[in-house]
Amino acid sequence: MPNGEIVAGFLAPHPPHLVYGENPPQNEPKSEGGWEPLRWAYERARKSLDELQPDVLLVHSPHWITQVGHHFLGVRHLSGKSVDPIFPNLFRYSFELEVDVELAEACCEKAAQRGLTAMMMRNPKFRVDYGTITTLHMIRPQWDIPIVGISANNSPYYLTTEEGLDEMDTLGKATREAIEATGRRAVLLASNTLCHWHFHEEPDTPEDMSREHPQSYDGYKWDMRVIELLRQGKTAEVFRILPQFIDEAFAEVKSGAFTWMFAAMGYPELPGELHGYGTVIGTGNAVMEWNLVKAGLAGAAAVPPSAAGGRESYAGAMR
Ligand SMILES: [Fe+2]
């Protein structure tokens with residue numbers, strides 16, 4: 001099955017507050033709303049994803065932490081309850097998802113061939129982390145597209161930032177090879193916040209937006225600088241300043257998803273589309289899209305969305 005390709009990448013952060021604010025039936029805690037500008041940003045991203053018609057969504061999450069190597073979800077059907085250990089009052093989410101195990105295995109194999117320690121996760125009762133679940137829910141709440149979940153080895157925290165991100169660059173290139181070899185039409189999701197300075201106390205009503213604003217003005221200015229460069233397509237410049245951004249803004253991109261995604265896409269100097277920006281407990285979150293189809297770097301979907309007849313077939317085919 002040759003000719004697989006990446007059709008888009010999204011910066012798709014995972015504050016569980018966004019799920020809490022939306023009140024989907026899967027989440028136990030209920031809210032009065034909150035964080036609307038970010039949730040509306042995800043609504044725009046959802047429309048774009050729908051038009052792309054991918055076969056699979058790949059997500060790298062900082063909150064599935066594996067000390068030894070890079071791990072890939074390797075069980076076809078996973079279900080259970082995902083709880084945020086920091087905010088169990090906001091996020092207790094019953095998930096049910098299908099994994100594209102064939103692609104996950106190909107990613108694992110290609111990563112190992114490039115010298116990374118890589119493993120498949122085969123525990124059928126595995127509780128998927130809230131970062132993976134939040135990003136996937138916010139971008140595709142229908143849960144009808146198979147996924148590949150990738151852990152954070154957190155090598156940038158154990159090694160130097162530069163060495164660790166270099167490893168994520170390798171993981172990205174391996175991911176691209178696997179997508180091409182398996183013939184998938186793939187979307188990549190980098191589940192990362194930007195500036196990660198945050199408040200340490202929560203309001204009595206967590207969704208009280210009169211209490212929500214950037215925790216750090218310097219962090220906010222860093223976010224705007226990085227977003228503006230991304231909007232201009234100055235990818236090389238972003239990666240030149242990335243280690244300084246990580247150090248000074250405590251940016252969550254340190255955990256590697258952002259580098260993984262751009263490495264897989266070949267670091268295109270392509271203007272990113274900002275769907276929206278907002279803070280969550282003071283941290284900076286941007287929902288951004290790099291659409292390789294619109295840029296002429298990937299092929300359009302074979303069938304227009306209106307004629308596709310729903311996506312139930314995808315989920316059914318994976319079982
Ligand atoms: Fe996080």
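Refer to the structure above for everything that follows.
Remember, predicted model here, so these are calculated numbers, not experimental data.

J.: Break down the overall build of the chain for me, citing the residues and quoting the values.
T.: Secondary structure assignment for the chain yields 10 helices and 10 strands. Whereas a compact globule of 319 residues would reach a radius of gyration of roughly 20 Å, the chain reaches 18 Å, a difference of no more than 12%. Seen through its principal axes, the chain has C-alpha atoms that stretch 50 × 45 × 40 Å. Sorting the 319 residues of the chain into buried and exposed places 59% on the buried side. Pairs at least 24 apart in sequence give 81% of the contacts found in the chain among residues at least 6 apart.

J.: Could you give an account of the pattern of salt bridges, with specific residues and numbers?
T.: With the rule as written, the count across this model stands at 16 salt bridges. As a salt-bridge pair, Asp144 and Arg140 come within 2.9 Å of each other at their nearest N and O atoms. Here Asp144 matches Arg140 in class, with each residue buried. A single network of salt bridges, built from pairs that share partners, joins Glu28, Lys81 and Arg92.

J.: Describe the coordination of the iron ion, with residues and values.
T.: Protein coordination at the iron ion: the donors are His14 (NE2), His63 (NE2) and Glu252 (OE), at 2.0 to 2.1 Å from the metal. Linear spacing of the donor residues for the iron ion on their chain is H-x48-H-x188-E. Of this pair, His63 sits in strand β2 (residues 56-65) while Glu252 sits in the loop between α8 (235-249) and α9 (257-265), placing them 189 residues apart in sequence. On the basis of relative accessible area, His63 is assigned to the partly exposed category, the value being 29%.

J.: So what about the side chain of Thr283? Which residues, and what values?
T.: Within the secondary structure layout, Thr283 lies in strand β10 (residues 283-291). A polar side-chain atom of Thr283 sits 2.8 Å from the main-chain carbonyl oxygen of Val280. Filtering out sequence-adjacent residues up to four positions away, Thr283 remains in contact with Thr193, Cys195, His196, Trp197, His198 and Gly278.

Reading the values: the criteria
Residues numbered from 1 in each chain as written. Predicted model: local features only at pLDDT ≥ 70, side-chain atom pairs only at ≥ 80, totals over all residues. Heavy atoms only, no water. Helix = DSSP H or I, 4+ residues; strand = E, 2+ residues; numbered from the N terminus. Rg over C-alpha atoms; globule rule 2.2 N^0.38 Å. Buried < 20%, exposed > 50% of the residue type's maximum accessible area, 1.4 Å probe, protein only. Contact = heavy atoms within 4.5 Å. Salt bridge = Lys/Arg side-chain N within 4 Å of Asp/Glu carboxyl O. Donors = N, O, S within 2.8 Å, 3.2 Å for Na, K, Ca; no water. Polar contact = N/O pair within 3.5 Å; in protein donor to acceptor, adjacent residues only side chain to side chain.

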